[in-house]
Amino acid sequence: MTNHFARLQLHPELVQTVNTLGYTEPTPIQSAVIPVLMAGQDVTGQAKTGTGKTAAFALPMLNNLTLGADHVQALVLAPTRELAMQVAKAIREYGRDLGARVLAVYGGAPYPPQIRQLNQGVDIVVGTPGRLMDLMKRKVLDLSQVDMVVLDEADEMLSMGFIEDIETILGATPDVRQTALFSATLSPQVRRLANGYMHKPQAITIQSENMTVANIEQRYSLVNPRDKTAALT
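Residues numbered from 1 in each chain as written. Predicted model: local features only at pLDDT ≥ 70, side-chain atom pairs only at ≥ 80, totals over all residues. Heavy atoms only, no water.

K.L.:
Sorry, what's going on with the side chain of Gln30 here?
P.N.:
Within the secondary structure layout, Gln30 lies in helix H2 (residues 28–38). A polar contact is formed between the side chain of Gln30 and the backbone oxygen of Gly52, at a distance of 3.0 Å. When sequence neighbours within four positions are dropped, the list of residues in contact with Gln30 reads Phe5, Pro35, Gly52, Ala55 and Ala56. (Helix = DSSP H or I, 4+ residues; strand = E, 2+ residues; numbered from the N terminus. Polar contact = N/O pair within 3.5 Å; in protein donor to acceptor, adjacent residues only side chain to side chain. Contact = heavy atoms within 4.5 Å.)

K.L.:
Looking at this structure, I do not really get the pattern of salt bridges. What am I missing?
P.N.:
Opposite charge on two side chains lets them pair, provided their charged atoms get close. Counted according to the given criterion, the structure contains 3 salt bridges. For Asp152, the salt bridge identified is with Lys53, shortest N-O distance 2.6 Å. Of the two residues, Asp152 sits in the loop between strand E5 (148–151) and helix H7 (154–159) while Lys53 sits in helix H3 (residues 53–63), which places them 99 residues apart along the sequence. In this pair, the class of Asp152 matches that of Lys53, namely buried. A salt bridge links Lys53 to Glu153, with the shortest nitrogen-to-oxygen separation between them at 3.9 Å. Within this pair, whereas Lys53 is found in helix H3, its partner Glu153 is found in the loop between E5 and H7, the two being separated by 100 residues in sequence. The class for Lys53 is buried, based on a relative accessible area of 6%. The buried category is assigned to Glu153, whose relative accessible area is 17%. (Salt bridge = Lys/Arg side-chain N within 4 Å of Asp/Glu carboxyl O. Buried < 20%, exposed > 50% of the residue type's maximum accessible area, 1.4 Å probe, protein only.)

The analysis is restricted to geometry; functional conclusions fall outside its scope.
Encoded structure:
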């Protein structure tokens, strides 16, 4: 069976890993985004959850790592702890044969384990804006040598009021870096963020005809609050 990821000039270990995971054909957003990121360009990607966007930025990110470096090389910002954990897990899976060191940081978790891992050395940090800011203030997270930044679900982060934190975090990264922004919608606020912190990004839009899976039937009932459990049963 031919693995079409090999055509994207990815490291052989990455191609082997995605093949082991059962991926042979890139999704539309992966086919569009991976070559652009591999070429070192900035990207704005408009795509909904479930289109494969995590691999679209994770594979080029892993491909360009300098293994064994003593600083954080890549940063992913996510709006929620659940997404941060999910993205970090996916990047670990994709980079397992490379030995990539990936850390998820988010609120609600104890600080000591996260600080200990940062002190031991991490290649990629995935985190929520609030916890990233806290770790920066504690002087345990240094972003001054980051090569790549990804803003995942940027519209959600902005709607949650994280704009000032995001700007502070981006301001702590080098002026010369690669940036990728992914959002389900490109609102004026998202566009302003992209215009202010990205260098001539290539815009990629993946159209999705359906918001839900075709074989899922949706129904609703109007009931009194006290009757919800009985109605659901």
